[in-house]
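# A closer look at the structure
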Number of protein chains: 2
Amino acid sequence: MKRSSRLSIALHALVHLYAQPGKQLTSAALATCLMTNPVVVRRILGELRQAGIVAASKGPSGGWMLSRPAEEITLRQIYEAMGERLLIRTESDPGDVTCAIVRSVDRVMNEFLDDAEALLAARLQRVRLSDIATNAAQAGFPRLD
Amino acid sequence: MKRSSRLSIALHALVHLYAQPGKQLTSAALATCLMTNPVVVRRILGELRQAGIVAASKGPSGGWMLSRPAEEITLRQIYEAMGERLLIRTESDPGDVTCAIVRSVDRVMNEFLDDAEALLAARLQRVRLSDIATNAAQAGFPRLD
DNA sequence: CCATAATGTAACAATAAAAGTTACATGAAA
DNA sequence: TTTCATGTAACTTTTATTGTTACATTATGG
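Here's a quick rundown of the structure. Please read all numbers here as calculations on a predicted model, not as lab measurements.

## Overview of the overall build of chain A
When helices and strands are counted, chain A shows six helices and two strands. The secondary structure elements of chain A, listed N-terminal to C-terminal, are α-α-α-β-β-α-α-α. A buried classification covers 49% of the 145 residues belonging to chain A. Looking at chain A alone, contacts between residues at least 24 apart form 64% of all its contacts between residues at least 6 apart.

## Quick notes on the pattern of salt bridges
Residues and elements named next belong to chain B. The full count for this structure, using the stated rule, is eight salt bridges over all chains. For R76, the salt bridge is made with E80, and the minimal N-O distance between the two is 3.0 Å. One end of the pair is R76 and the other is E80, both in helix α4 (residues 75–81) and four residues apart, which spans about a single turn. By relative accessible area, which is 25% here, R76 ends up partly exposed. Between R107 and E111 there is a salt bridge, with its nearest N and O atoms 2.6 Å apart. Here the residue R107 and the residue E111 both occupy positions in helix α5 (residues 100–124), the gap between them amounting to four residues, near one helical turn.

## Let's talk about the nonpolar core
In terms of nonpolar packing, the biggest core is built from 86 residues, with L14, L48 and I78 of chain A together with L14, L48 and I78 of chain B touching the most fellow members. Setting aside chain neighbours within four positions, we find L48 of chain A in contact with A10, L14, I53, V54, I78, A81 and M82 of chain A.

## Overview of the environment of L34 of chain B
Residues and elements named next belong to chain B. On the secondary structure map, L34 appears in helix α2 (residues 27–34). Relative accessible area serves as the criterion here: at 3%, L34 is assigned to the buried category. Between the C-alpha atom of L34 and that of I9, which follows or precedes it by 25 residues, the distance is 6.7 Å.

## Quick notes on helix α2 (residues 27–34) of chain A
All names here are of chain A. All of the buried residues in α2 are S27, L30, A31 and L34. All buried residues of α2 fall inside an arc of 105 degrees around its axis, so they share one side. Buried residues along α2 sit in contact with α1 (6–19), α3 (38–50) and β2 (63–66).

## As for the packing of α1 of chain A against α5 of chain B
In contact at an axis separation of 10 Å, α1 of chain A and α5 of chain B are set at 125 degrees when each is read in the N-to-C sense. In terms of their interaxial angle, α1 of chain A and α5 of chain B are classed as oblique. Where α1 of chain A crosses over α5 of chain B, the handedness of that crossing is right-handed. Only I101, V102, V105, D106 and M109 of chain B of α5 of chain B make contact with α1 of chain A, whose side of the interface consists of S8, L11, H12, V15 and H16 of chain A. Of the residues contributing to the contact of α1 of chain A with α5 of chain B, the split by class is six nonpolar, three polar and one charged.

Parameters and conventions
- Residues numbered from 1 in each chain as written.
- Chains lettered and ligands numbered in written order.
- Predicted model: local features only at pLDDT ≥ 70, side-chain atom pairs only at ≥ 80, totals over all residues.
- Heavy atoms only, no water.
- Helix = DSSP H or I, 4+ residues; strand = E, 2+ residues; numbered from the N terminus.
- Buried < 20%, exposed > 50% of the residue type's maximum accessible area, 1.4 Å probe, protein only.
- Contact = heavy atoms within 4.5 Å.
- Salt bridge = Lys/Arg side-chain N within 4 Å of Asp/Glu carboxyl O.
- Core = buried A, V, L, I, M, F, W, Y, C linked by side-chain atoms within 4.5 Å.
- Arc of directions from axis to C-beta.
- Axes fitted to C-alpha atoms, helices over the stretch in contact; angles between N-to-C directions.
- Parallel < 35°, antiparallel > 145°, perpendicular 65-115°, else oblique.
- Left-handed = near helix turned anticlockwise from the far one by under 90°.
- Nonpolar A, V, L, I, M, F, W, Y, C, P; charged D, E, K, R; others polar.

Here it is in structure tokens:
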């Protein structure tokens, strides 16, 4: 598996939960769907649980479910709940900070990336889980203009 | 060193070249500044060379220099020359594509990321190497609005 | 024209990040 | 109170990136 499939796994799991409303799906069941490990599922959904996006219950007949309507779950919430970065941050060597050029480049890049990240977050806020689940089969994905 | 410092290294090297116009800097000299290895410098600048951003000459007194004025070098050109991604792409397991939900999530995310990447590329086009080099000491970095 | 000094590149090693796995504690339901 | 789920820590495996070594290639200048 390639790098950082966390977000893909999260969305995949959420769509599965959306597709079976009222039903609680276990980590093991989801892991089978996502072709991964139950612990990986728990780790990722655990972050979404802390953000109030999903809820988990233990014991027999336990499992995961959406804790809010899919219309009220935005991509931005999911990203932020996972502590994911939209943009690749290029990091300099820590020992390098004495160089004025390094500091300048870092600062300039970070300012740009902060702005860009805010811009993208605003866009992501417009996309709801229900959009993904219902519109996925068509081409009508919300555009960025 | 952390993940993907390629871009940081590239910018750092370019600013160094800009700071000493007319002078050819060797991979070894740049590597010392960037606290990395000469071969790493050659690999990265080699990509910029193919894009016509820098030029290299061999032999004694050889080295690297900008092949265009810094005013005509944009961040976008640098990104594209390096084949870098602005956005983190979340990839699904290849064996997973039989699942309709995976395909849908992938397609939706890719459409979003394609749009977002185009948007950011347009913004990056406005930032010139000379902006970074000269404005770095101030806060006046071109804003994204 | 030959010694020198640079790039160009392939092949390999080391490192770091992500994912996968095992193990077990905790808690709820029947 | 047994069962079956989550919660989480610790460890291993895998993969991507970076660093390193080695050497061919090429240009310079005495």
